[in-house]
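In case you want the letters, here they are:
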Amino acid sequence: MYQKVIVCVVGTRPEAIKMAPVVLALRRQNFFDVKILATGQHAAMLDQALGHFKLTADINLHIMKERQSLDHITSSVLTGSGEYFDTVKPSAVLVHGDTTTTLAAALAGFYRKIPVGHVEAGLRSNNMYLPFPEEMNRVLTDRITTWAFAPTPLAKENLIKEGTPEKNILVTGNTVIDALFYTVKATEKPACEDLRLLPENAPFLLVTAHRRESWGEPLENICSALNKLLDLHPELWMVIPMHKNPAVRETIKKNLGGKKQVILCDPLDYPDFVWAMNTSRFILSDSGGVQEEASAIRKPVLILRDVTERPEAVENGSGILVGVDREKIIKKASELLVSSEYYNSIEKRCDAQPFGNGTASLKIAEALKADLG
Ligand code: UD1
Ligand code: UDP
């Protein structure tokens, strides 16, 4: 039987984790010929994330270069995706989120008048430089989009304010919750040897940081705050899975390498990272996805950014915006460590589950089948 082709585009770790459940839901329908186009904006981290879902790319453009520029990513993804679309002639292209892969692949679809579906549409910080370049990537992608799959009602509101017709928007929940449900069963014990260095029941903080606007001084401040926290709380351990970006790793290693009770490791496989989120006392992170996951598992997360496009996490209580100010990070983290009353009040507040119930991918797959069937 002739099947319409849908191309799902992924470039980086979070796109793979959040697009994987959509690919799986579409394939379960057995209605479309679902292809995965990996741009390879991330190399190791993309394969690592896809591997967990037992997915392999139908084509990988392998565009990654060490310390790559935004121009390089944009131009090579635009050209490479366009050539692939010309070969497989998809009826629709799906992109996810706010990376430069997202925008460039959506543009390649638009140039061929192929309808584009945007998974995780409508997130806004309303500051074009925070996060950079992600806020503008989202805004521009949403202008190109035919199907805007908004994770929350607030994301839908943002789109409507910008003039997106309501009929083009479907509120689905965030597919990261689907990914989390897929993974939870697999995470009773960590596989990574580095994590086995943690003594049983040792209290630890899980830390990640990678944002472009944090490179340099902000990341130095974060590391300095972490060092101070280790001095103030001698029982404390830290697990810091370092992003592969050399700009990030150099700063972290310089400031925290060789420290007692600090585990600096490579990016963790998704099940191990979920284990670490669940087992940690709390999380410090500038990641977008981690804010959603922390909210779903009711774990406090100190958000190492000045603004967030996920205010639902803050309203729900698990997300606490601390920015990159050293003193503020130390103060809030210490409060969480010493006051069980404060800590418990956060856990109790996280009841609303603003990012959905694990059915986002199914809703997306059904909507596409209904429209293209
Ligand atoms: C990218 C996205 C960001 C997203 C993040 C998720 C853009 C501009 N940025 O940021 O929105 O939040 O991914 O992690 O789209 N590297 C490796 N191996 C890997 C991955 C990266 O060596 O597997 C190194 C390379 O030197 C690369 C650098 O990291 O040049 C930066 O990668 P890049 O994708 O440009 O930026 P991220 O900071 O990862
Ligand atoms: N993650 C992971 N291993 C790690 C760190 C993060 O699997 O060592 C997962 C995390 O659970 C989340 C996603 O990667 O689903 C977030 O990716 P990242 O922080 O790189 O990007 P962002 O969400 O900020 O765009």
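This text follows the structure it describes.
Counting restarts for each chain, with residues numbered from 1 along the sequence as it is written. Lettering of chains starts at A and numbering of ligands starts at 1, both following the order in which they are written. Only residues with pLDDT of at least 70 are given local features in this predicted model, and only at 80 or more are side-chain atom pairs given and counted; all residues enter the totals for whole chains, interfaces and linings. For the side-chain quantities, the full set of heavy atoms in the structure was used; hydrogens and water were omitted.

**As for helix α10 (residues 270-279)**
Applied cut-off: Buried means the residue's accessible area, taken with a 1.4 Å probe over protein chains only, is under 20% of the maximum for its type, while exposed means over 50%, and partly exposed covers the values in between. A run of DSSP states H or I qualifies as a helix once it reaches four residues; a run of E qualifies as a strand once it reaches two. Both are numbered from the N-terminal end.
Most of α10 is tucked away: eight of the ten residues are buried. Those residues of α10 that fall on the buried side of the exposure criterion are Tyr270, Pro271, Asp272, Phe273, Val274, Trp275, Ala276 and Met277.

**Notes on the layout of surface pockets**
Test applied: Using a grid of 1 Å spacing that covers the protein atoms alone, one calls a set of points a cavity when a 1.4 Å probe fits there but cannot get out, and a pocket when the set is open and has protein on both sides within 12 Å along at least five of seven lines; lining residues are those with an atom within 4 Å of a point. Grid points are joined across faces, edges and corners, and a volume is the space filled by probe spheres set on the points. In this classification, the charged set is Asp, Glu, Lys and Arg, the nonpolar set is Ala, Val, Leu, Ile, Met, Phe, Trp, Tyr, Cys and Pro, and all remaining amino acids, among them Gly, are polar.
Looking at the second largest pocket, its volume works out to about 300 Å³. Looking at the lining of the second largest pocket residue by residue, the class counts come to eight nonpolar, two polar and three charged.

**Some thoughts on the site of ligand 1**
Counted only if it meets this: The criterion for a residue being near a molecule or strand is simple. One of its heavy atoms has to lie within 4 Å of it. N or O atoms closer than or at 3.5 Å make up a polar contact, with two conditions inside protein: a donor-capable atom paired with an acceptor-capable one, and, for residues adjacent in sequence, both atoms drawn from side chains. Calculation of accessible area relied on Shrake-Rupley with a 1.4 Å probe; when residues are assessed, cover is drawn exclusively from the protein chains displayed.
Around ligand 1, the structure places 25 residues, and the nearest of them are Gln41, His42, Lys65, Thr100 and Glu134. In this structure, an oxygen atom belonging to ligand 1 sits 3.1 Å away from a main-chain N or O atom of Ala44. Here an oxygen atom of ligand 1 sits 2.8 Å away from a polar atom, N or O, in the main chain of Thr100. Here ligand 1 loses 94% of its free accessible area of 740 Å² to cover by the protein chains. When contributions to the shell around ligand 1 are tallied by element, the ones reaching two or more residues are α2 (44-52) and α3 (70-88). Its residues placed into classes, the shell around ligand 1 shows nine nonpolar, nine polar and seven charged.

**Concerning the pairing of strand β4 (residues 92-96)**
As a reminder of what qualifies: Strands qualify as paired when DSSP identifies two bridges or more between them.
Of all five residues making up β4, five are buried, and the element is well covered by its neighbours. On β4, burial covers both faces: Ala92, Leu94 and His96 on one face and Val93 and Val95 on the other are all buried. Here strand β1 (residues 5-10) pairs with β4 via three bridges, running parallel. Its bridge partner being in β4, Cys8 is matched across the sheet by Leu94. Where β4 lies against strand β5 (residues 116-119), four bridges are found, and the strand directions are parallel.

**Brief notes about the sheet that holds strand β11 (residues 282-285)**
Basically, it comes down to this: Working convention: axes come from line fits to C-alpha atoms, limited for helices to the stretch in contact. Angles between N-to-C directions cover 0 to 180 degrees. Here a residue-residue contact requires only that any non-hydrogen atoms of the pair lie within 4.5 Å.
Spatially, β10-β9-β8-β11-β12-β13 is the arrangement adopted by the six strands of the open sheet, whose pairing is parallel. Only two strands of the sheet have a single partner each, and these edge strands are β10 (262-265) and β13 (319-321). Neighbour-to-neighbour, the strand axes of the sheet open up by a mean angle of 20°, direction not taken into account. With three bridges connecting them, β11 and strand β12 (residues 301-303) associate as parallel partners. For Leu284, the partnering residue across the bridge sits in β12 and is Leu302. Contacts from helix α11 (residues 288-296) reach β11 and β12, with the element oriented near 150° to β12.

**What about the pairing of strand β8 (residues 204-208)?**
What counts here: Orient the strands so they point away from the viewer, and a crossover whose first-strand-to-second-strand path over the helix runs clockwise is right-handed.
Counting buried positions along β8 gives five out of five residues, so the element sits mostly inside the fold. On β8, burial covers both faces: Phe204, Leu206 and Thr208 on one face and Leu205 and Val207 on the other are all buried. With three bridges connecting them, β8 and strand β9 (residues 237-241) associate as parallel partners. Across the sheet, Phe204 pairs through a bridge with Trp237, a residue of β9. You can see the chain leave β8, run along helix α8 (residues 217-232) and come back into β9, and the turn it takes is right-handed. In the sheet, β8 pairs with β11 via four bridges, with the strands oriented parallel. Paired with Thr208 across the two strands is Ser285, which belongs to β11.

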